[in-house]
Amino acid sequence: MPRIPYADPATLPETVRTLVARAPINVVRMMAGASEGVFDGFTKFSGAFYGPASSLPPALREIAILRVGYMSHAGYETFQHEPSGRLAGLGDNQIEAIKHGGEHVEALDPVQQAVLSFTEDVVKNVKASDANLAAVRKHLSDKQVLDLTLLIGLYMMVSRFLETAGVENDAKSLDWKNVVPQK
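The paragraphs below set out a description of the structure included in this document. It should be emphasised that the depicted structure is a prediction, and the values quoted were computed from it without experimental measurement.

Our next topic: the side chain of E62. Mapping E62 onto the fold places it in helix α4 (residues 58-71). Note on E62: relative accessible area 0%, which makes it buried. Side chain to side chain, E62 and S84 meet in a polar contact 3.0 Å long. If we skip the residues at most four places from it in the chain, E62 touches Y50, H81, S84, G85, A88 and L90.

Here it is as structure tokens:
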């Protein structure tokens, strides 16, 4: 049961109602109850990580999102993004490894491991260590590292939003094939 009621579509501005109709999943239904400008800004910011606007490859994006979700105990987040991770090319063994985290995970290649370790460090310590920053910079451009850091922060916020508002799992996860452009 949600801790805060989902937005009533009848009371929403037309622009918000249109976005909710396009993605009628519980997180969007809950966020629709925020201020219209906040909702609009959030959808533009979060949407920028999907498609050509972001420099991050989809698999690396999903590693970070899933690790943040698991570390935040945000069941809704991981329920929605496990299928997205698979669509981005992650196997079940890799998703299981991301769930448990840690260093030297055999299922991940060196780039994926660097992203996983960097994500864990930012979530736990706010500031990534020099070692984790250097490790991720061996594989990613500075632009990608900055996008990754913003993505981690975004999904930390989303996870806290989901858990605080009590957003319930949807009957099924979003059809990511229609949402996530692949590079």
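From this point, the narrative continues.
All right, on to the packing of helix α5 (residues 75-87) against helix α9 (residues 142-165) then. One can describe the packing of α5 onto α9 by two numbers: an axis separation of 8 Å at closest approach and a directional angle of 120 degrees. The orientation of α5 with respect to α9, classified from their angle, is oblique. Here G75, Y76, E77 and H81 of α5 lie close against α9, whose contacting residues are Y155, V158, S159, L162 and E163. A class-by-class count of the residues in the contact of α5 with α9 yields four nonpolar, three polar and two charged.

Okay, the packing of aromatic side chains next. Scanning all chains against the criterion turns up one aromatic pair. Ring geometry for F45 against F49: centres 5.4 Å apart, planes inclined by 80 degrees, an arrangement best described as edge-to-face. Taking the relative accessible area as the measure of exposure, F45 reaches 35% and is therefore partly exposed. We classify F49 as buried; its relative accessible area is 5%.

Below, the discussion takes up the layout of surface pockets. Taken as a whole, the second largest pocket holds about 190 Å³ of empty space. In terms of lining residues, the second largest pocket is bounded by E103, H104, V105, L108, P110, Q113, A114, S117, N132, A135 and H139. Ranked by the residues each element gives to the lining of the second largest pocket, the list is headed by helix α7 (residues 110-125), at four residues. Looking at the lining of the second largest pocket, its residues break down into five nonpolar, five polar and one charged.

By the element assignment, D170 lies in the segment after α9. With 150 residues separating them in the primary sequence, D170 and V20 have C-alpha atoms 14 Å apart. Among the polar contacts listed, one links the side chain of D170 to the side chain of Y76, at a separation of 2.4 Å.

Mapped onto the elements, S54 comes out in the loop between α3 (36-47) and α4. Put simply, S54 and T43 are eleven residues apart on the chain and 14 Å apart in space, counted from C-alpha to C-alpha.

Let us look at α7. Look at α7: 22 Å from first C-alpha to last across 16 residues, which is about the 22 Å you get at 1.5 Å a residue. For α7, a buried count of twelve out of 16 residues is recorded, marking the element as mostly surrounded by other parts of the structure. Residues of α7 that are buried: Q112, Q113, A114, V115, L116, S117, F118, T119, E120, D121, V122 and V123. The distance from a side-chain oxygen at the start of α7 to the backbone nitrogen of V111 is 3.0 Å, and the residue carrying that oxygen is D109. The first or second residue beyond α7 is V126, which carries a positive phi of 70 degrees.

In this model α5 runs 19 Å from its N-terminal to its C-terminal C-alpha over 13 residues, within 8% of the 18 Å that 1.5 Å per residue would give. Most pronounced at H81, the bend in α5 amounts to some 30 degrees, and the proline P83 follows within four residues. All of the buried residues in α5 are Y76, E77, T78, Q80, H81, S84 and G85. Directly beyond the C-terminal end of α5, a positive phi value near 105 degrees is found at G89.

Conventions used here
Residues numbered from 1 in each chain as written. Predicted model: local features only at pLDDT ≥ 70, side-chain atom pairs only at ≥ 80, totals over all residues. Heavy atoms only, no water. Helix = DSSP H or I, 4+ residues; strand = E, 2+ residues; numbered from the N terminus. Buried < 20%, exposed > 50% of the residue type's maximum accessible area, 1.4 Å probe, protein only. Polar contact = N/O pair within 3.5 Å; in protein donor to acceptor, adjacent residues only side chain to side chain. Contact = heavy atoms within 4.5 Å. Axes fitted to C-alpha atoms, helices over the stretch in contact; angles between N-to-C directions. Parallel < 35°, antiparallel > 145°, perpendicular 65-115°, else oblique. Nonpolar A, V, L, I, M, F, W, Y, C, P; charged D, E, K, R; others polar. Phe/Tyr/Trp six-rings, centres within 6.5 Å; stacked < 30°, edge-to-face > 60°. 1 Å grid on protein atoms, 1.4 Å probe; cavity = no way out; pocket = protein on both sides within 12 Å on 5 of 7 lines; lining within 4 Å. Points joined across faces, edges and corners; volume = space filled by probe spheres on them. Expected span 1.5 Å × (residues − 1). Bend = angle between axes of the 7 residues up to and from the residue.

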